[in-house]
Amino acid sequence: MLGLRGQETSKFLKFWKMIQDLANKSDKTFFLDCGEGNEFEDDNIECENLSGWLVPNSQVKEFDKLFQADKIDKKWEDCVAFVKWEFVGSEIKITFE
């Protein structure tokens with residue numbers, strides 16, 4: 001799946017779709033580097049703050065080749081981003097920082 005290097009649980013993929021839907025509103029795609037804590041899991045969804053790269057869709061093909069090869073260089077430093085999530089009432093709110 002675009003933005004991921006490995007297999008993830010179906011519950012995490014629900015969270016992942018929320019992240020990518022938000023990224024796509026800015027014509028970007030998020031690529032996952034690692035988890036950053038603030039973990040939550042229930043019967044439906046698995047959430048965690050994440051770090052990675054928020055890449056303009058016009059550059060996704062170029063970046064994905066480097067991402068899959070684990071050869072991302074300093075050219076992409078401006079794309080480094082953090083995904084933060086929180087509950088607002090009973091809804092999950094996601095932001096990029």
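Fair warning: this is a prediction, and the values are worked out from it, not measured in the lab.

(A) Quick peek at the nonpolar core. Formed by 17 residues in total, the largest nonpolar core has its most connected members in Phe 15, Trp 16, Ile 19, Phe 30 and Leu 50. Taken together, the elements giving at least two residues each to this core come down to helix H1 (10-24), strand S1 (28-35), strand S4 (50-56), strand S5 (80-88) and strand S6 (91-96). No other element matches H1, which puts five residues into this core. Residue contacts for Leu 50: discarding those within four places in its chain leaves Phe 12, Phe 15, Trp 16, Ile 19, Phe 30, Leu 32, Cys 34, Gly 35, Glu 36, Ala 81, Phe 82 and Val 83.

(B) View of unusual backbone geometry. Positive phi values are uncommon outside glycine, yet Asp 27 reaches one of about 60 degrees. Summarising the element assignment, Asp 27 is placed in the loop between H1 and S1. Of note in the backbone geometry, Asp 70 takes a positive phi value of approximately 55 degrees without being a glycine. Positionally, Asp 70 belongs in the loop between helix H2 (60-69) and S5. Take Asp 70: its relative accessible area is 58%, and that puts it in the exposed class.

(C) Spotlight on the pairing of S5. In terms of strand pairing, S4 meets S5 through four bridges, oriented antiparallel. By the bridge assignment, Gly 52 is partnered in S5 with Ala 81. As paired elements, S5 and S6 share six bridges and run antiparallel to each other. Opposite Val 83, over in S6, you have Phe 96 as the bridge partner.

(D) Representation of the pairing of S4 in the model. When you tally the buried positions in S4, you get six out of seven residues, the bulk of the element. For S1 and S4, the ladder comprises seven bridges, and the chain directions are antiparallel. Looking at S4, one finds that Thr 29 is bridged to Val 55.

(E) Summary view of the state of the cysteines. As enumerated under the stated definition, the model contains zero disulfides in all. Take Cys 34: it sits in no disulfide, and the sulfur closest to it among the cysteines is that of Cys 79, at 16 Å. Cysteine Cys 47 shares no disulfide, and the gap to the nearest cysteine sulfur, in Cys 34, comes to 17 Å. Residue class for Cys 47 comes out buried when judged on its relative accessible area of 2%.

Conventions used here
Residues numbered from 1 in each chain as written. Predicted model: local features only at pLDDT ≥ 70, side-chain atom pairs only at ≥ 80, totals over all residues. Heavy atoms only, no water. Core = buried A, V, L, I, M, F, W, Y, C linked by side-chain atoms within 4.5 Å. Buried < 20%, exposed > 50% of the residue type's maximum accessible area, 1.4 Å probe, protein only. Helix = DSSP H or I, 4+ residues; strand = E, 2+ residues; numbered from the N terminus. Contact = heavy atoms within 4.5 Å. Pairing = 2+ DSSP bridges. Disulfide = S-S within 2.5 Å.

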